[in-house]
Amino acid sequence: MIVAERKPIKEILAMVADFKKILLVGCKGCVTVCNAGGTKEVGILASALKIARKKEGNPIEIDEMTLERQCDPEYIDQLEEPLKNNNYDAVLSMACSVGPQFIARRYDNILVYPTLNTCFMGGALEHGVWAEFCQGCGNCIIHHFGGLCPIARCSKSLMNGPCGGSAGGKCEVSPDIDCVWHLIYDRMKQLGKLDQLREIFPIKDWSTSRDGGPRKIVREDLKK
Ligand code: SF4
Ligand code: SF4
């Protein structure tokens, strides 16, 4: 999933400082799963903003909505009526950063603000702890490394490791980070595939992904 976290309340309050009425829009996708921008978080943020503004003697009106997803036009279309029927000063999105951009792309007459910081693609290690597992490099090669990603999970994105800083299974960048190359070695040993690690991999060729500009996937079989 895409993992995000909410911006500090001070930053969001500064965004809405000049506004009297806003629409706060959550997303039922990844940001609900990582407890950053679902219906519950929309309610919490709306209350926090209203309380803070009331304390300032400058109340703000906030309508709440949570869309199935903010990265699909069919759901973004559901904002049309509320935006037409209300005089909102702005829309605040609680989706990953794709959401506010999709809203801005669809509605050119309303200011759109992000309330989350989109952090990485990852998963939950335990309740309340998420970690990065993929950088969306566009050419997955984890099968060479026991199913572990050296691009996202090695601090230096080394394709051949470990580096000289690996010690006791930890990365030299921080004792909180497992050295993924240590994990790769252990896993390949466990699988009886250590010989595979003799292969030297060239450094990542980013020209197959980001260097060509924003990426796009076109599936002719799905286009209408
Ligand atoms: S190699 Fe790593 S960064 Fe690239 S797609 Fe696979 S998991 Fe993602
Ligand atoms: S210690 Fe391990 S994870 Fe850290 S940079 Fe070196 S090889 Fe990568």
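What follows concerns the site of ligand 1. Taken together, Cys134, Gln135, Gly136, Cys137, Cys140, Ile141, Ile142, Cys149, Ile151 and Ala152 form the complete shell of residues around ligand 1. For the shell around ligand 1, the per-class residue count stands at eight nonpolar, two polar and no charged.

Across the seven residues that make up strand β2 (residues 21–27), a large majority, six, are buried. Relative to strand β3 (residues 61–67), β2 runs parallel, the two sharing seven bridges. Bridge assignment links glycine 26 to a residue of β3, and that residue is threonine 66. Strand direction decides the pairing type here: β2 and strand β4 (residues 90–93), joined by four bridges, are parallel. Looking at the pairing, isoleucine 22 lines up with alanine 90 of β4.

A few words on the sheet that holds strand β5 (residues 111–114). Sheet strands pair via backbone hydrogen bonds, and the direction of the pair is either parallel or antiparallel. With parallel pairing, four strands are arranged side by side in an open sheet as β3-β2-β4-β5. Both outer strands of the open sheet, β3 and β5, are each paired with one neighbouring strand and no more. Ignoring strand direction, the axes of neighbouring strands in this sheet form an average angle of 25°. Sheet topology places β4 next to β5; four bridges connect them, and they run parallel. Within β5, the position partnered with alanine 90 by the bridge is leucine 111. Against the sheet, helix α3 (residues 39–55) contacts β2 and β3, and its axis sits at roughly 170° relative to β3. Here helix α6 (residues 98–106) sits on the sheet and contacts β2, β4 and β5; the angle it forms with β5, its principal contact strand, is near 175°.

The rules behind each value
Residues numbered from 1 in each chain as written. Chains lettered and ligands numbered in written order. Predicted model: local features only at pLDDT ≥ 70, side-chain atom pairs only at ≥ 80, totals over all residues. Near = placed C-beta within 6 Å. Nonpolar A, V, L, I, M, F, W, Y, C, P; charged D, E, K, R; others polar. Buried ≥ 20, exposed ≤ 12 C-beta atoms within 10 Å, placed from the backbone. Helix = DSSP H or I, 4+ residues; strand = E, 2+ residues; numbered from the N terminus. Pairing = 2+ DSSP bridges. Axes fitted to C-alpha atoms, helices over the stretch in contact; angles between N-to-C directions. Contact = placed C-beta atoms within 7 Å.

By themselves, these observations are geometric and do not establish any function.
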